[in-house]
Structure formats: structure tokens, C-alpha cells
Amino acid sequence: MKPVDMNAADMNAEYLGIPGLSLMENAGRVIAEEVRGVTSRGRVAVFCGPGGNGGDGFVAARHLLNMGFDVDVYLLAHPSRIRSGDALQNLRVLEAMQPHPGGFNIIMINDSSEIPEVDADVIVDAILGTGVHGRIREPYRSAIKVINRADSFRVSVDVPSGLNPADGTVEDVAVSADLTVTFHRMKDGLREADPAVTGEVVVADIGIPGAAEVFLGPGDLLRLPSRDPGSHKGENGRVLVVGGSRYYSGAPALAGLSALRIGADLVTVACPTRAAAALRSTSPDLIVRELEGDHISLGAVDEIMELAEASDSVLMGCGAGTDPETGEAFLKIIGKLEGTGKPLVLDADALKLVHASDVAGYRELVVTPHMGEFRKFFSLKSEIYGDMNERITAFQSVSSRIRGTVLLKGRTDIILQEGRVRLNRTGCPAMTVGGTGDCLAGVTVGLMAMGLSPFDSAALASFINGSAGEIAADRYGDGLKASDILEFIPRAMKIESYGL
Ligand SMILES: NC(=O)C1=CN([C@@H]2O[C@H](COP(=O)(O)OP(=O)(O)OC[C@H]3O[C@@H](n4cnc5c(N)ncnc54)[C@H](O)[C@@H]3O)[C@@H](O)[C@H]2O)[C@@H](O)CC1
Ligand SMILES: [K+]
């Protein structure tokens, strides 16, 4: 598990209604129980940092007192600098327990020089956890060195302070723990780390339900790429949309505009002549490349390939129609793109013209079928029935016929790839209006151009597009038009829009 997965699970657990305080209480309790597993009595020194990790330390201190230990809490950050509300609340509790009849002290460390040599049976390292970034600043740095000098059993909370939880490297200094108690799931960094730093690693359940990792929630917005302030035009994603036909120009327009709204820099729409003229009037923001003829044909393949090479991701299908020649053109393009591993989304008409067997090995692919398109794409004879679990198992086995990602749209969207499943429940009945699928495809291909994996792009796109649809439906009710969704995509991308 990467830190972003952990942070997303934490936040999605809170979105499910589990208060962060409960998770912190469970975390601290588990630490105290692990300490008791080491020794049944004695003195414990708890070093607490400024964030959630420190909060776990405050909770552990309280439980250790209840278990009969003598406890010294070393506050390495002044309360005014503690940013985690949950941690601060747990510190207030410890302060309210003062003056304690005996065996419990809170020692405020204002400066590294004030850190005493430690004489304790056990030291709990609750300085830094998954929120660590860069070189360890004082006084944490000195505290880590004091801890490593002490003749005590060292227990690290979640990750040894100073260890990079993503890759297990130690940039400067880190606690060398005898035992690391990590929460919820093993962290990638702990697996890679030098055992001299982690000591024995145990994974402790703190009450985060699996649902917090299956259902999409605002925590997943933490996966959105942050924009590099020094970036230049085009560096934040160039998208190519291939679609449109004699009759349809709206679909590629909606897809292209959605890709812009999610944050892509440049969007080119390649479409046949009649659609191109209409598109040019739709929006000055789209670059329109005109393809000869009434529908996408084999003659356009070279020009489309040229445009695709200059793009970070490609979406094909919106409004393309189902002329067999268009299908042949798509197959040719797919074959060439697969060779370069180009992130590709196939949507709508492309799913009628292309079959799963044509793209089985294409890993950087996302297909976005509704149920009917899913059945045709995978040549399913009958409906898939059963309860949610049976259906998901069935969808998983069908989808595993291709290496790419399947975003199966429905009341609950199901995102599947090679054994991974995510469920999205945002969206509303008003979104059955035509064009919402084009918006979803546009958001997906936009996120892929911005650097997200196909799987994460599909999962996040379903969450964001559905949320934007809900906001739009609040305003327009069943009069919702697909183009209304566009204006609310930015708001649906912000974590604060979800009341967390
Ligand atoms: N609901 C939750 O969020 C839960 C969080 N938990 C604990 O919270 C931890 C994550 O909490 P946070 O995200 O607050 O992060 P941390 O507590 O790991 O670190 C927090 C703070 O340390 C400071 N910091 C970061 N890098 C530093 C450096 N190099 N030098 C000096 N200071 C530095 C930053 O100000 C940061 O806010 C987890 O490791 C876990 O122990 C657990 O309580 C489980 C529940
Ligand atoms: K720690």
C-alpha cells in the first residue's frame, strides 16, 4: 500500500461515517497492547510529533496508564503547532488528567537541547508517520538520535520516524525500531526497508472497513496530480478525441470539453467534415482537425496517427457512427497505438465496431461500456444475474479477457482490471440524458493525459463525473443537459465539496 492509498482509505472511512477519532483511538489502543506484549510493567517514554502519528501516541499513553505503566509523554511540537484536530483533542485529554497522582508526566520539548537521555523500559516512537516529507527537521532529528541511543525496547507507530513510507529509504536519520506496528495494511516502504530500521513489522486492524477501499470517495481525489507551478502549455496533458460523423458532432464536443474541464491543456478533436464545421462553432477551446468524408475512413488513418503521436492520450468512438469502414480504421489505429503503449479510451460506437478479442493485450486501454455495450463487446449470450457479489465475480471473469480496464457504467459503476475492483455510487437518474457518457469518457481520457494510470483514471472519472451530475441535478433537476455537467466538474474535484 502506498501512502496515498492509506490517506485515501482513511478519508473514505470518514466519508463512510467513521470518525477519525475512532480510528486514532483504535490505533493508540493497539500500540498500548503491543507494548504490553513486550513487558507487563515498567516505564514507557512516548515521543509525540505534530500530526496524526503524534495523536496515536497520546492515545497510547492513556491506555498504557490504564494498564499500570509509568508514562512520560515527550511533546516535540507545541500544542499550537499540532495541526491534527484529532491529535490535539487527545492531548487535551492527557492535560486534563494532570496533575496525576503518580507515574505520568508530560514534558514539553521546546528545543533539541532540552531532550534528556531516556531511561525507560520501552520507547514509543510517535513522531512522524505517513505524513513525513523530506529531511527531518529539529527537534525531531535530535529526538530520533536520543531514542536510538537509549537502552530501551523501541516501538514505532505506523512507520519508524524518518523512514520514507513509500520506498523504505532513509534520507537522513530514522528510528531503528525493534517493532513497527503499521495500521490497516502493510506499507510498500516497510517491505523494502532495512530490517535494522523496521525491526519486526506487525499489521494492525484499526477499524477501516474494506468498503473504504472498494467504494470510491473523496479520498481518491488525493490521487489527482498536483499541477507543477513551473509547467508550460501542453505539459499538463494533450488529448486527442477521434469521433463525430455526418450526424453527430455533439458527442466529441462534450468529450473534448470535459477533458479540458478536468484539467487537460490541449484538446484536439479529429472528425469528418460535416461535424468539423459544426464543432468549430461550438467552442473556441477545441482544436478541430477535419477528416475527409462523412465518416471516419481508412483514408484518415495516417492523419489520425500523426495527431495521436503528438498526444498523451486518445479517445475514440464518441458519435463516430457504425460504418464498417470506420471499424476498420479504428482497428488499424488501435494496432499501431498498442505498439507504443499509448493510453487509449474506447467509448460508445467504438465498442460496437471493435471486439474484446481485438484489444485483449492492450494494457493502457480503458473501455467504458454500459451493460448493452458490455455484452456486445464481450459477446455475452445472456444477462448476468445475481446479487452484487455474484455479478461482480461474473463481471470480473469476463473483463479479465482483456488486460485493460473496464468501466462498466450503471447505477453503481464497476471499474475492473486484472483482479482489482472499485465501485462508484455517485450519479443520479437525471444523468440518463444523452451525452453524459461522452462527458465520462472525456474526463477519463483527460486524467490519463494528466498522468494517472488507466485504472485510476477510470475510477476517478466515474466518481467526479457522477458527482458533477449530482450537483447539476440539484440545480436543473430532470431538465439536466449533459453540457450542464461540464461546469460542475471543477467543483466535483475538490475534497472540500464533500464536507470533510
Ligand atoms: N484518520 C487518520 O488520519 C488516521 C491517521 N493515523 C496516524 O496518522 C499518521 C498520518 O498523520 P499525518 O498525515 O498528520 O502525518 P504525520 O503525523 O506522519 O506527520 C505530520 C506532520 O509532521 C510534519 N512533518 C512532515 N515531514 C516532516 C519533516 N521532514 N520534518 C519535520 N516535520 C515534518 C508535518 O507538519 C506533518 O503535518 C499515520 O502515520 C498514522 O500514524 C492513525 O491514527 C490512523 C487514523
Ligand atoms: K512513527
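Residues numbered from 1 in each chain as written. Chains lettered and ligands numbered in written order. Predicted model: local features only at pLDDT ≥ 70, side-chain atom pairs only at ≥ 80, totals over all residues. Heavy atoms only, no water.

Draft legend 1. View of helix α12 (residues 324–340). Taking 1.5 Å of rise per residue, 17 residues should cover 24 Å, and α12 covers 25 Å from first to last C-alpha, within 8% of that figure. When we look at burial in α12, the residues that qualify are T326, G327, A329, F330, I333, I334 and L337. Summarising the axial view, the buried residues of α12 lie within an arc of 155°, below the 170-degree limit, and thus occupy one face. Projecting away from the buried face of α12 at angles above 90 degrees are the exposed residues P324 and G339. The elements touched by buried residues of α12 are β8 (238–242), α11 (301–309), β11 (313–316), β12 (344–346) and α13 (350–353). In this structure D323 caps α12, since a side-chain oxygen of it lies 2.7 Å from the backbone nitrogen of E325. Looking one or two places after α12, you find G341, whose phi comes out positive at around 65°. (Helix = DSSP H or I, 4+ residues; strand = E, 2+ residues; numbered from the N terminus. Expected span 1.5 Å × (residues − 1). Buried < 20%, exposed > 50% of the residue type's maximum accessible area, 1.4 Å probe, protein only. Arc of directions from axis to C-beta. Contact = heavy atoms within 4.5 Å. Polar contact = N/O pair within 3.5 Å; in protein donor to acceptor, adjacent residues only side chain to side chain.)

Draft legend 2. Seen up close, unusual backbone geometry. Omega for the bond connecting Q98 with P99 falls within 30 degrees of zero, at -5°, which places this linkage in the cis form. When you line up the elements, P99 lands in the loop between α4 (85–96) and β3 (104–108). For the bond from E138 to P139, the omega torsion is -5°, close enough to zero to count as cis. Here the phi dihedral of S379 falls at roughly 50°; this positive angle occurs in a residue that is not glycine.

Draft legend 3. How the structure looks around the state of the cysteines. Tallying each qualifying case throughout the model produces zero disulfides. C318 provides the cysteine sulfur closest to C439, a residue in no disulfide bond, and the two sulfurs are 9.7 Å apart. (Disulfide = S-S within 2.5 Å.)

Draft legend 4. Summary view of the coordination of the potassium ion (ligand 2). Protein ligation of the potassium ion (ligand 2) involves N53 (OD1), D125 (O), L128 (O), V157 (O), V159 (O) and S161 (OG), the donor distances falling in the range 2.6 to 3.1 Å. Angles of 69 to 171° at the metal separate the six donor atoms of the potassium ion (ligand 2), which places the site in the irregular class. Read in sequence order, the donor residues coordinating the potassium ion (ligand 2) give the pattern N-x71-D-x2-L-x28-V-x1-V-x1-S. Separated by 72 residues along the polypeptide, N53 in helix α3 (residues 52–66) and D125 in strand β4 (residues 122–126) bring together distant segments of the chain. D125 carries the same exposure label as N53, and that label is buried. (Donors = N, O, S within 2.8 Å, 3.2 Å for Na, K, Ca; no water. Tetrahedral: all angles 85-135°; square planar, octahedral: opposite > 155°, others 65-115°.)

Draft legend 5. Representation of the site of ligand 1 in the model. The immediate surroundings of ligand 1 are formed by 25 residues, with D56, G129, G131, H133 and D158 found nearest. At a separation of 2.7 Å, a nitrogen atom of ligand 1 approaches a polar backbone atom of H133. In isolation ligand 1 offers 860 Å² of accessible surface; the protein chains occlude 84% of this area. At the level of elements, α1 (3–15), α2 (20–38) and α3 are the ones that each hand at least two residues to the shell around ligand 1. Grouping the amino acids of the shell around ligand 1 by side-chain chemistry returns 10 nonpolar, eight polar and seven charged. (Near = heavy atom within 4 Å. Areas by Shrake-Rupley, 256 points an atom, 1.4 Å probe, with all protein chains shown as cover. Nonpolar A, V, L, I, M, F, W, Y, C, P; charged D, E, K, R; others polar.)

Draft legend 6. Looking closely at the UniProt feature "domain: YjeF C-terminal" (unreviewed entry) in the chain. UniProt's entry tags residues 216–496 with the feature "domain: YjeF C-terminal" (unreviewed entry), counted in the numbering of this structure. Regarding residues 216–496, the helix share stands at 43% and the strand share at 15%, and the terminal C-alpha atoms are separated by 16 Å. (UniProt positions renumbered as here; feature names shortened; annotations may be inferred.)

Draft legend 7. Here's a closer look at the sheet that holds strand β6 (residues 179–183). Within the open sheet, the seven strands sit side by side as β3-β2-β1-β4-β5-β6-β7. Their pairing is parallel. Each end of this open sheet is capped by a strand with a single partner; those strands are β3 and β7 (200–204). Adjacent strand axes in the sheet meet at a mean angle of 20° when their direction is disregarded. Of the pairings in the sheet, the one linking strand β5 (residues 153–157) to β6 comprises three bridges and is parallel in character. What sits directly across from V157, in β6, is V181. (Pairing = 2+ DSSP bridges. Axes fitted to C-alpha atoms, helices over the stretch in contact; angles between N-to-C directions.)

Draft legend 8. The arrangement of the packing of aromatic side chains in detail. Counting across every chain of the model gives six aromatic pairs. Between the aromatic rings of F47 and Y74, the centroid separation amounts to 4.6 Å while the plane-to-plane angle is 10°, which identifies the pairing as stacked. Of this pair, F47 sits in strand β1 (residues 43–48) while Y74 sits in strand β2 (residues 70–75), and the two are 27 residues apart along the sequence. The same class applies to F47 and to Y74, which are both buried. In textbook terms, an aromatic cluster arises when at least three aromatic residues are bridged by ring pairs, as seen for F374, F377, F378 and F395. A cation sits over an aromatic face here: R420 above F455, 4.0 Å from the ring centre. The ring of F215 has R425 sitting right over it, with the charged end atom 3.6 Å from the ring centre. (Phe/Tyr/Trp six-rings, centres within 6.5 Å; stacked < 30°, edge-to-face > 60°. Lys NZ or Arg CZ within 6 Å of the ring centre and 35° of its normal.)

Draft legend 9. A look at the confidence of the model for the chain. Summary statistics for the chain give a mean pLDDT of 96 and a share of 100% for residues scoring 70 or more. ipTM for the predicted complex: 0.96, alongside a pTM of 0.91. (pLDDT = per-residue confidence, 0-100.)

Draft legend 10. Up close: the UniProt feature "binding site: AMP" (unreviewed entry) in the chain. Residues given the UniProt feature "binding site: AMP" (unreviewed entry) here are G437. Residue position: G437 is located in helix α16 (residues 436–449). In this structure G437 touches D347 and K409, once residues within four positions along its chain are discounted.

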